[in-house]
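As a plain string of letters, each chain reads:
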Amino acid sequence: MNLDKLTDTFFQLYGKPEDKPRCFFAPGRVNLIGEHTDYNGGFVLPCAIQHGTYLLIRPCADRMVRLASTNMEFRAEIPLSDLSKKVERQWVNYPLGIFDQFRKLNVSFAGFDMLYSGNIPNGAGLSSSASIEMVTAYALTVLLNATQLEMIDLVRMSQRAENEFIGLNCGIMDMFAIGMGQKDHALFLNCLTLEYKKVPFILNGFKLIIGNTNKQRGLADSKYNERVAECQLAVTYLSETLSISKLGEISFMQFYKMQDEIPDEVVRRRARHVISENQRVLNSVSSLLKNDILQFGALMNASHESLRENYEVTGIELDTMVDEARKINGVVGARMTGAGFGGCTVSIVREDVVEKFIEQVGREYQAKTGLNAEFYIAEVSDGVREII
Ligand code: GLA
């Protein structure tokens, strides 16, 4: 990212070059394993990546918030009194959701000039929206000197912004990874208690490759909320016998014994995914701590199978890319990552076959789906921060 150029754009938009903006950055995230477990109070294992969102921001006194982005044409100039109104289908709703949270905390301010610039591929399931939310929340906290707010508060605020303002009933994983991320570490998070551990994630001789299917996620949000509801229904059935409020609270052995208490076959499969995926996260952490990358790869593969068969959130594009990845000798594991229905895959690839991987998976994927894939070599990075 060329920050001088971005600063020039800022001054072209907002003038007053004597008054310099401050610069903040929030990464995107990739989830290694533990998919669709977060809103079920389960375990996840994401990490922050090098791609992310930059924000140049400067306080102003005229009771206006001005929002622009180098990625999107739509810009907004909103009086403080209108900050809680949603704008029809525009990226500015992500910052507005955060302003709405600050308003609810009664934190007062006089206005801001803001310019965003991101390099996370849009709609690819690498959390570009949570990245915008977190960079906004962090920047406002610093500029407004809201020292009572800790990182976990900003994480919760961003999740509430999605749930209450955007209307997506997402879990806490994305914001958490973006807030707490640390270079060369994955975050092993218990979404029920929010306890977490940093697990070293250094792939000697291997690379973590993100494959973008470039299939737009289309109806993803409504399907996502549908899965959330199906899991709640599973809890309703199971809690006739057990006192639980989330699927993450029961072990696979417990589920295995009592799965017939869920009469609906589809709902039973949804629960089976969540509960087995939870166990896979625990096993993955053990594998990584032992540096057993082959075992970890096998768990990634099993995760994808369950997401395909039990949770039904993969689709032809993700399945094709994963199948093609696994055909290459030197790929130890491949799976979809994020919400699914399109978006990205993640694969662990031996260093000497990375080039072959990108060429062959790209070619075969194109031949089978008609879409051009893109690949990024992930660097596991730090969380949200100010760039000085
Ligand atoms: C999206 C949501 C997350 C999580 C994943 C699936 O990324 O934002 O909270 O539920 O899907 O694991």
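Residues numbered from 1 in each chain as written. Predicted model: local features only at pLDDT ≥ 70, side-chain atom pairs only at ≥ 80, totals over all residues. Heavy atoms only, no water.

**Side note on the sheet that holds strand E10 (residues 344-350)**
Move 1: Pairing is antiparallel across the open sheet formed by four strands, whose spatial order is E9-E10-E8-E11. Taken across any chain shown, the strands that pair with only one partner, and hence form the sheet edges, are strand E9 (331-337) and strand E11 (374-377). Across the sheet, the mean angle separating the axes of adjacent strands is 25° when strand polarity is ignored.
Move 2: Bridging between E9 and E10 involves six bridges; their strand directions are antiparallel. For Ala334, the partnering residue across the bridge sits in E10 and is Ser347.
Move 3: Helix H10 (residues 316-326) rests against strand E8 (206-212), E9, E10 and E11 of the sheet, and its axis sits at about 170° to E9. (Pairing = 2+ DSSP bridges. Helix = DSSP H or I, 4+ residues; strand = E, 2+ residues; numbered from the N terminus. Axes fitted to C-alpha atoms, helices over the stretch in contact; angles between N-to-C directions. Contact = heavy atoms within 4.5 Å.)

**Observations regarding helix H9 (residues 293-309)**
Move 1: Compared with the 24 Å implied by 1.5 Å per residue over 17 residues, the 25 Å span of H9 between its first and last C-alpha is a close match.
Move 2: Within H9, burial applies to Ile293, Phe296, Gly297, Leu299, Met300, Ser303, His304, Ser306 and Leu307. (Expected span 1.5 Å × (residues − 1). Buried < 20%, exposed > 50% of the residue type's maximum accessible area, 1.4 Å probe, protein only.)

**Section: the domain arrangement of the protein chain**
Many descriptions give the size of an interface as the accessible area lost when the pieces come together.
Move 1: Here the protein chain is partitioned into domain 1 (3-199 + 382-387) and domain 2 (201-378).
Move 2: Every contact between the two is made by 37 residues of domain 1 and, on the other side, 46 residues of domain 2.
Move 3: Both faces considered, domain 1 and domain 2 share a buried interface measuring about 3,300 Å² in area, 66% of it formed by carbon and sulfur atoms.
Move 4: Applying the counting criterion to the domain 1 and domain 2 interface returns one salt bridge. (Domains from an automatic or database assignment. Buried area = accessible area lost by both parts, 1.4 Å probe. Salt bridge = Lys/Arg side-chain N within 4 Å of Asp/Glu carboxyl O.)

**Side note on unusual backbone geometry**
Move 1: Despite not being glycine, Lys16 has its phi angle at roughly 50°, a positive value.
Move 2: Judged by relative accessible area, which is 42%, Lys16 ranks as partly exposed.
Move 3: A positive phi angle, close to 60°, is found at Phe341, a residue other than glycine.
Move 4: Take Phe341: it is sitting in the loop between E9 and E10.

**Quick word on the site of the ligand**
Move 1: The local shell around the ligand consists of Arg29, Glu35, His36, Asp38, Tyr39, Cys170, Gly171, Met173, Asp174, Tyr224, Gly338 and Ala339.
Move 2: Measuring from an oxygen atom of the ligand, one finds a side-chain N or O atom of Arg29 at 2.9 Å.
Move 3: A distance of 2.5 Å is found between an oxygen atom of the ligand and a side-chain nitrogen or oxygen belonging to Tyr224.
Move 4: Its free accessible area being 310 Å², the ligand has 94% of it covered by the protein chains. (Near = heavy atom within 4 Å. Polar contact = N/O pair within 3.5 Å; in protein donor to acceptor, adjacent residues only side chain to side chain. Areas by Shrake-Rupley, 256 points an atom, 1.4 Å probe, with all protein chains shown as cover.)

**Here's the deal with the nonpolar core**
Move 1: Counting 76 residues, the largest nonpolar core has Ile57, Leu67, Phe102, Met114 and Leu247 as its most contacted members.
Move 2: The biggest single contributor to this core is helix H3 (residues 128-143), with eight residues.
Move 3: Taken domain by domain, the makeup of this core includes at least three residues from each of domain 1 (3-199 + 382-387) and domain 2 (201-378).
Move 4: For Ile57, the residues in contact, after removing those within four places along its chain, are Phe10, Pro21, Arg22, Phe24, Phe112, Asp113, Met114, Ala139, Leu140 and Leu143.
Move 5: Listed in part, the 32 residues of the second largest apolar core include Cys47, Ile120, Val199 and Tyr376. (Core = buried A, V, L, I, M, F, W, Y, C linked by side-chain atoms within 4.5 Å.)

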